[in-house]
Amino acid sequence: MHFELSEEQIMIQQAARDFAQHELKPGVIERDEHQKFPAEQVKKLGELGFLGMMVDPKYNGSGLDAISYVLVMEELSKIDASASVVVSVNNSLVCYGLEAYGSEAQKEKYLKPLAAGEQIGAFCLSEPEAGSDATSQRTTAEDKGDYYLLNGTKNWITNGSTASTYLVIAQTHPELKHKGINAFIVEKGMEGFTVGPKENKLGIRGSDTHSLMFNDVKVPKENRIGEDGFGFTFAMKTLEGGRIGIAAQALGIAQGAFELATQYAKERKTFGKPIAEHQAIAFKLADMATQIEAARLLVYKAAWLKSQGLPYTQAGSMAKLYASKVAMDVTIEAVQIHGGYGFVKEYHVERLMRDAKITQIYEGTSEIQKMVISREVIR
């Protein structure tokens, strides 16, 4: 077993760390407060190649491995999870889905600008009645010969208003249940496609989360991904990789909160000495560090398996389940260590605590991860 990073991976990690400190940190509190999408920062992330990290260079990607990707996700998430979730969705769900399962024409038309960071993508699976139960798709895609007629509503869509390309999961053959579901590429501006109001969220408030409405949207036949009925498999396969990205996001949120708490504990004094020297606080820091390191090993292992082309279903779910729990536990303790200051926005930790919660919910809730893990164990 080799635990050291390569020189290239260390350079990428440092580049992401520098970007987070110099580009994301200034204004991050204000963006959270005003629910402002980090448009300028996301544009720069695209220019750096962070929006198509694992895509083949022939499609304008960076051609990097999954370890490099999770390193970037971790560093960005230490500072701004609203920005890192854009990186996660574009890489793990949209670019991966198109490169792995799209036609050559779809890759040329849609993947290239997405991987280059010229456009942003969105992955549209959740609905008012279909969250964890992804088989219950109410959005329909009626086959009309040379096009599909798309009708329905999607909920909680990250990059809902800023995306140009949307991967939409819809039911074509209800009698076939999940085997009748298809995946489609929908473009912003198609007639009948509208974006609802932005959600007012607890955390990742800078991320633009919207509902999407489809009213007789004509989607060309060539915009279907894969064979007829492949949509559910497409969604599940794509989400498997997405879980690793969210696990890395959770890891970064935890690490960011831990670093702030450690620094504060060394500076804040009570009873004549830094609070870090009080056993009550020192032991908190020890527990936090141990939890984070365990989460990091799970995340890195899942990413390594993916890069090696080995099965990673169980590893990805374990990483997401545990890292998201660690993110919640560590951020709560970070607020506690800060005391009253932890409750104040300018110290960042309360925002990290709010951001941490979503990692236990999106791209498969913690309960869904336990279902996946238990099935793999039993199998």
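Since this is a predicted model, take the numbers as computed values, not measurements. (Residues numbered from 1 in each chain as written. Predicted model: local features only at pLDDT ≥ 70, side-chain atom pairs only at ≥ 80, totals over all residues. Heavy atoms only, no water.)

**Considering the overall build of the protein**
What counts, and what does not: A run of H or I in DSSP counts as a helix once it spans at least four residues, and a run of E counts as a strand once it spans at least two, with each numbered from the N terminus. In this setup the radius of gyration rests on C-alpha atoms only. A globule is expected at 2.2 Å times the number of residues raised to 0.38. Using a 1.4 Å probe on the protein chains alone, a residue whose accessible area is under 20% of its type maximum counts as buried, one over 50% counts as exposed, and one in between counts as partly exposed.
Counting its regular elements, the protein contains eleven helices and ten strands. Expected size for 379 residues packed as a compact globule is a radius of gyration near 21 Å; at 21 Å, the protein falls within 12% of this value. C-alpha atoms of the protein, sized along the principal axes, occupy 80 × 45 × 35 Å. Within the protein, the fraction of its 379 residues that count as buried is 55%.

**Regarding the environment of Glu-346**
You can see Glu-346 is positioned in the loop between helix 9 (313–338) and helix 10 (349–357). Looking at Glu-346, the relative accessible area reads 57%, which means it is exposed. Between the C-alpha atom of Glu-346 and that of Val-28, which follows or precedes it by 318 residues, the distance is 10 Å.

**Focus on unusual backbone geometry**
With phi around 65°, Asn-159 is a residue other than glycine that occupies positive phi space. Positive phi, close to 30°, is recorded for Ile-204, a residue that is not glycine. Structurally, Ile-204 can be placed in the loop between strand 6 (193–198) and strand 7 (209–220). The buried category is assigned to Ile-204, whose relative accessible area is 3%.

**Observations concerning the domain arrangement of the protein**
Filter applied, for reference: Domain borders in the structure are assigned automatically or taken from a domain database. Every residue pair with non-hydrogen atoms within 4.5 Å of one another is taken to be in contact. Buried area is a sum: the accessible area each of two parts loses on coming together, probed at 1.4 Å, counted once for each and added. Salt bridge, as applied in this entry: a Lys or Arg side-chain nitrogen positioned within 4 Å of an Asp or Glu carboxyl oxygen.
Segmentation of the protein into domains returns domain 1 (7–120), domain 2 (122–231) and domain 3 (239–378). Each side of the interface is counted separately: domain 1 has 23 residues, and domain 2 has 26 residues. Summed over both sides, the interface between domain 1 and domain 2 buries roughly 2,000 Å², with carbon and sulfur atoms accounting for 59% of that surface. Among the residues domain 1 hides against domain 2, the three largest losses belong to Gln-35, Tyr-110 and Ile-120. Together they make up 31% of the total. Counting across the interface, domain 1 meets domain 2 through one salt bridge. Measuring nitrogen to oxygen at the nearest pair gives 3.3 Å for the salt bridge that ties Lys-109 to Glu-187.

**Considerations on the packing of helix 8 (residues 279–307) against helix 9**
For clarity, the cut-off: To get an axis, a line is fitted to the C-alpha atoms, and for a helix only the part in contact is used. The angle between two axes follows their N-to-C directions and goes from 0 to 180 degrees. What sets the label is the angle itself: under 35 degrees gives roughly parallel, over 145 gives roughly antiparallel, 65 to 115 gives roughly perpendicular, and the rest give oblique. For any pair of crossing helices, the crossing counts as left-handed if the nearer helix is rotated counterclockwise from the farther one by less than a right angle, and right-handed if it is rotated clockwise. Polar here means any residue other than Ala, Val, Leu, Ile, Met, Phe, Trp, Tyr, Cys and Pro, which are nonpolar, and Asp, Glu, Lys and Arg, which are charged; Gly is therefore polar.
Following both chains from N to C, one finds helix 8 and helix 9 inclined at 155°, their axes separated by 9 Å at the closest point. Here helix 8 is positioned roughly antiparallel relative to helix 9, judged by the angle of their axes. Relative to helix 9, the crossing made by helix 8 is left-handed. Residues of the contact of helix 8 with helix 9, tallied by class, amount to 19 nonpolar, three polar and three charged.

**A look at helix 9**
Just so we agree on the cut-off: A helix is expected to span 1.5 Å multiplied by its residue count minus one.
Taking 1.5 Å of rise per residue, the 26 residues of helix 9 would be expected to cover 38 Å, and the 38 Å separating its terminal C-alpha atoms lies within 8% of that figure. In the stretch just after helix 9, Gly-339 is the one whose phi turns positive, near 65°.

**Some remarks on the UniProt feature "domain: Acyl-CoA dehydrogenase/oxidase N-terminal" (unreviewed entry) in the protein**
Note the following rule: UniProt positions are given in the numbering used here, feature names are shortened, and annotations may be inferred rather than shown by experiment.
Mapped onto this numbering, the UniProt entry annotates "domain: Acyl-CoA dehydrogenase/oxidase N-terminal" (unreviewed entry) at residues 6–118. As annotated, residues 6–118 has a helix share of 72% and a strand share of 0%, and its two end C-alpha atoms lie 29 Å apart.

**Description of the nonpolar core**
Filter applied, for reference: Within this scheme, the nonpolar core is defined by two criteria: the residues are buried Ala, Val, Leu, Ile, Met, Phe, Trp, Tyr or Cys, and they are joined through side-chain atoms within 4.5 Å.
In terms of nonpolar packing, the biggest core is built from 92 residues, with Leu-98, Val-299 and Ile-337 touching the most fellow members. Among the elements that take part in this core, helix 7 (residues 231–267) stands out by supplying 17 residues, more than any other. Setting aside chain neighbours within four positions, we find Val-299 in contact with Val-70, Ile-244, Ala-247, Ala-248, Leu-251, Ala-319 and Ala-323. Counting 18 residues, the second largest nonpolar core, distinct from the first, contains Ala-141, Leu-150, Met-190 and Val-219.

**Some words on a nonpolar patch on the surface**
The test is simple: Only residues whose relative accessible area exceeds 30% and that form no salt bridge are eligible for patches; like-charged ones are grouped when within 9 Å, while nonpolar side chains (Val, Leu, Ile, Met, Phe, Trp, Tyr) are grouped when within 5 Å. Note on areas: Shrake-Rupley with a 1.4 Å probe; residue coverage comes only from the protein chains shown.
A cluster of nonpolar residues, Met-1, Phe-3 and Leu-297, forms a patch on the protein surface that exposes about 430 Å² of accessible area. The topology assignment puts Met-1 in the segment before helix 1 (7–24).

**Examining the environment of Asn-155**
Take Asn-155: it is sitting in strand 3 (residues 147–158). On the basis of relative accessibility, which here comes to 12%, the residue Asn-155 falls in the buried class. For the pair formed by Asn-155 and Leu-125, sequence separation is 30 residues and the distance between their alpha carbons is 8.0 Å. If we ignore the near neighbours within four places in the chain, the residues touching Asn-155 are Ser-126, Glu-127, Pro-128, His-210 and Ser-211.

**Regarding the environment of Arg-138**
Along the chain, the position of Arg-138 falls in the loop between strand 1 (121–124) and strand 2 (140–143). Residues Arg-138 and Thr-153 lie 15 residues apart in sequence; the distance between their C-alpha atoms is 8.0 Å. Beyond its immediate stretch of four places on either side in the chain, Arg-138 contacts Glu-127, Glu-129 and Asn-151.

**Some words on the packing of helix 1 against helix 4 (residues 66–79)**
Contact geometry of helix 1 with helix 4 gives a least axis separation of 9 Å together with a crossing angle of 20°. By the angle class used here, helix 1 and helix 4 are roughly parallel. The handedness of the crossing between helix 1 and helix 4 comes out as right-handed. Mapping the contact onto sequence places Gln-9, Ile-12, Gln-13, Ala-16, Arg-17, Phe-19, Ala-20, Gln-21 and Leu-24 in helix 1 and Ile-67, Ser-68, Leu-71, Val-72, Glu-75, Leu-76, Lys-78 and Ile-79 in helix 4. Classifying every residue of the contact of helix 1 with helix 4 gives ten nonpolar, four polar and three charged.

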